[in-house]
2 protein chains.
Amino acid sequence: MKTLGSALLMGLLAWNHQAWAAEAITLPVPPLPPGPLHYDTAEGFAIEVKVLARGLDHPWSIAFLPDGSALVTEKNAGAIRRLIDGKLQTESISGVPEVVPGVYSGLLDIALDPDFANQPYIYLSYNKPLPGGLSAVAYARGRWDGHNLIDTQDIYVADVGTASGSRILFGPDGMLYAGLYVDVVQAPSLAPESLKGKLIRLTPEGGVPADNPFIGKEGFRPEIYTYGHRTITGLTLHPTRNEIWATEMGPNGGDEVNLIYPGNNYGWPLVSLGRSYQGPWQSEKFQMDGAVDPLVYWMPSISVSGMTFYDGAVFPLWQGDLFVGGMKYGEIAGTGQLQRIHFNADMQELRRESLLGDLRQRIRDVKQGPDGYLYVLTDEDDGAVLRIEPAP
Amino acid sequence: MKTLGSALLMGLLAWNHQAWAAEAITLPVPPLPPGPLHYDTAEGFAIEVKVLARGLDHPWSIAFLPDGSALVTEKNAGAIRRLIDGKLQTESISGVPEVVPGVYSGLLDIALDPDFANQPYIYLSYNKPLPGGLSAVAYARGRWDGHNLIDTQDIYVADVGTASGSRILFGPDGMLYAGLYVDVVQAPSLAPESLKGKLIRLTPEGGVPADNPFIGKEGFRPEIYTYGHRTITGLTLHPTRNEIWATEMGPNGGDEVNLIYPGNNYGWPLVSLGRSYQGPWQSEKFQMDGAVDPLVYWMPSISVSGMTFYDGAVFPLWQGDLFVGGMKYGEIAGTGQLQRIHFNADMQELRRESLLGDLRQRIRDVKQGPDGYLYVLTDEDDGAVLRIEPAP
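Residues numbered from 1 in each chain as written. Chains lettered and ligands numbered in written order. Predicted model: local features only at pLDDT ≥ 70, side-chain atom pairs only at ≥ 80, totals over all residues. Heavy atoms only, no water.

J.: Kindly report on the sheet that holds strand β7 (residues 107–112) of chain A, identifying the contributing residues and their values.
T.: Residues and elements named next belong to chain A. One open sheet accounts for four strands, arranged β7-β8-β9-β10; its pairing is antiparallel. The open sheet has two free edges, formed respectively by β7 and β10 (149–158), since each of these has just one partner strand. The mean inter-strand angle of the sheet, taken between neighbouring strand axes irrespective of direction, is 25°. (Pairing = 2+ DSSP bridges. Helix = DSSP H or I, 4+ residues; strand = E, 2+ residues; numbered from the N terminus. Axes fitted to C-alpha atoms, helices over the stretch in contact; angles between N-to-C directions.)

See the structure below:
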């Protein structure tokens, strides 16, 4: 499953990300304990965190099948592993496309067709090797035969020149939304001819829906749904409001949660609530006419990643709360956590709880299982699937 | 030493702070362990935290005498306790004025005269009981006789109508700076006739310096040095830049560190980077022409408190860093911590480290001792003095 791009490509990637990243500084991370772990929470109940699976190679996303089992992507291994009754299966799923593994690339997101009962497709986002040592962000789908993917085919290959991540989500309209990371400081997030720093909207077959907001607008790629993003690291649906919510990773500060309005500008790189990694503010002003303000933001950054609203029955006091993964705090690695955001009836933030911070794991994704528990992925060499349950 | 104001006053205070505070929600706090505690830090060295003293009644501030001993104020007890060779003395210091104890009032800050060798005065900020059950923020000084305060007298009584905290600091100019908290939501921080939400500047005798920036300006109290503050909870001098830095507690988000420029407006309540406790943004815009932007800010809040720059020899890798106390994170009590902020040569933030978060103590003050260690006060019923040392 592992494939290496050319040394040239790797060199270019290393160069890009060196310019992009701050001076590396890391708090030593203790090994993940075997668990289960017990925590008090601010809403007055206790939780137990079980380590369901470990030894995964940088797990990135998790999706649940109708039978209650789950598929977990491993970014670096470029593989999909299955959890049945909470147990990790030894064999990887077959039918996964070849990927370019790397720090910032590999096999990424996974999502089920919204009409999975009739169209049992599984969608993947990944970094696809191209001739000449190049790569592209691509979206593929394969038919689920109950055990593996079959007839996996690309539905869309994004012409972004270097490896760059991408979250995907089916909207309430049945369309496929995909957020394309930027990968350089001078991001073309506002450039209408580039897909970087954009949220795009595709049909499940990878075509351009006829009602996309920029169709017919001079210079704009018709796939574009919203622009001026930095790096959309999470996408989720609000369970009752039919809204798409997106996490966006800021620089040194300025992580955001945005509510997605079609055709809108989210301001990067002209406005941000953060600093550049070298110290100066990213922008003179924190806001700009015509750019949407975030609903939630962080200073310092927690390196926001995957998120989900909780609407299960198992944690009644968490219903309506947003859970957001965090990979590092304050530009110091080794400080991951999970955050819970509690809103009022108008979806305005009332409070924010930091959870699992003692584990210091890079939390890449969080999803609610069909059992009402929360499943948490740690994007580590010894990557794990954690399950949050009420304490017995 | 304990004095109660009238039931009426207490009732008014309770009402004010009920309107002011969010719905109370608290993470259960474990008892402070006996220590010493061992931590790895992000700069690659380990520290040991010793519990030097405990059982203090909400310690609020600490000041070091030339002999290396330290004086610690107890907000609720209205007392000063002395640490000699790191050991808490049983007897309180005598000569302390009577205070109005309460959640938000009592004996607060303590500072030595900048010319202590010749003028051994010790300055206090406190809430002074007034006739009719009223109170005022007051500043007093007493002469240190080697054991106690003698001839303690008020030098200035601020005509703010309810109990409200106040930090004090001697500036590089030898003048006494004092930040007066606001205590209601609709703060008069911009009102030039009110002292609330202001930084004032006094002579060591409590008079108004002739070069104060608003002298002769229509409507302005001549004591005022800067305005438009919410609640200045910390004041410190930059050790080499001759600058006064102030922490300012925001609402739900919008905690700040500000560099103080004479005569300037810091924007509260018209601009803030935070939300009101009920959820809506405090202000439509995050910035305002004519209002100074913070150098550092937090979203969510950590409830910033006392702070100090580190310039000792014991922790070479911390030199130039700012340490800031935090009393709660994200509007959830029981989540105190100490933060370290690392800057570039232009005093622009590069990273931020959270320390002692596992203790969940309300950290009210942090100061560097003459021994180069950091001393940390926990504003708790079982309040403590912690000392941070390099791990042996």
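J.: Can you tell me about the interface of chain A and chain B, naming the residues and giving the values?
T.: Contacts between the two partners involve 42 residues from chain A and, on the opposite side, 42 residues from chain B. In total, about 3700 Å² of surface goes out of reach between chain A and chain B, with carbon and sulfur atoms giving 52% of it. Linking chain A to chain B there are zero salt bridges. Remark: the boundary between chain A and chain B carries 19 residue pairs in polar contact (both at pLDDT 80 or more). For the side of chain A that touches chain B, the secondary structure elements donating two or more residues are β18 (296–298), β21 (337–343) and β22 (349–355) of chain A. Among the elements that line the side of chain A that touches chain B, the one with the most residues is β22 of chain A, at six residues. Partitioning the side of chain A that touches chain B into residue classes produces 18 nonpolar, eleven polar and 13 charged. (Contact = heavy atoms within 4.5 Å. Buried area = accessible area lost by both parts, 1.4 Å probe. Salt bridge = Lys/Arg side-chain N within 4 Å of Asp/Glu carboxyl O. Polar contact = N/O pair within 3.5 Å; in protein donor to acceptor, adjacent residues only side chain to side chain. Nonpolar A, V, L, I, M, F, W, Y, C, P; charged D, E, K, R; others polar.)

J.: With reference to specific residues and values, describe the relation of the copies chain A and chain B.
T.: Overlaying chain A with chain B gives an RMSD of 0.0 Å, the required rotation being 180° about an axis along which the chain moves by 0.0 Å. The transformation just described matches what one would write down for a two-fold rotation axis. For chain A, the residue whose C-alpha comes nearest the rotation axis is Met 299 of chain A, separated from it by 2.4 Å. The overlap is high: 100% of the interface residues of chain A also sit at the interface in chain B, so the same surface is used on both sides. (Least-squares fit on C-alpha atoms with pLDDT ≥ 70 in both.)

J.: Before we move on, could you go through the sheet that holds strand β7 (residues 107–112) of chain B and cite the residues and values that matter?
T.: Residues and elements named next belong to chain B. Taken in spatial order, the four strands of this open sheet run β7-β8-β9-β10, and their pairing is antiparallel. In this open sheet, the two edge strands, each paired with only one partner strand, are β7 and β10 (149–158). Averaged over all neighbouring strand pairs, the angle between strand axes comes to 30°, with direction disregarded. Note: strand β8 (residues 121–130) against strand β9 (residues 134–144), ten bridges, orientation antiparallel. Across the sheet, the residue bridging to Leu 130 is Leu 134, located in β9.

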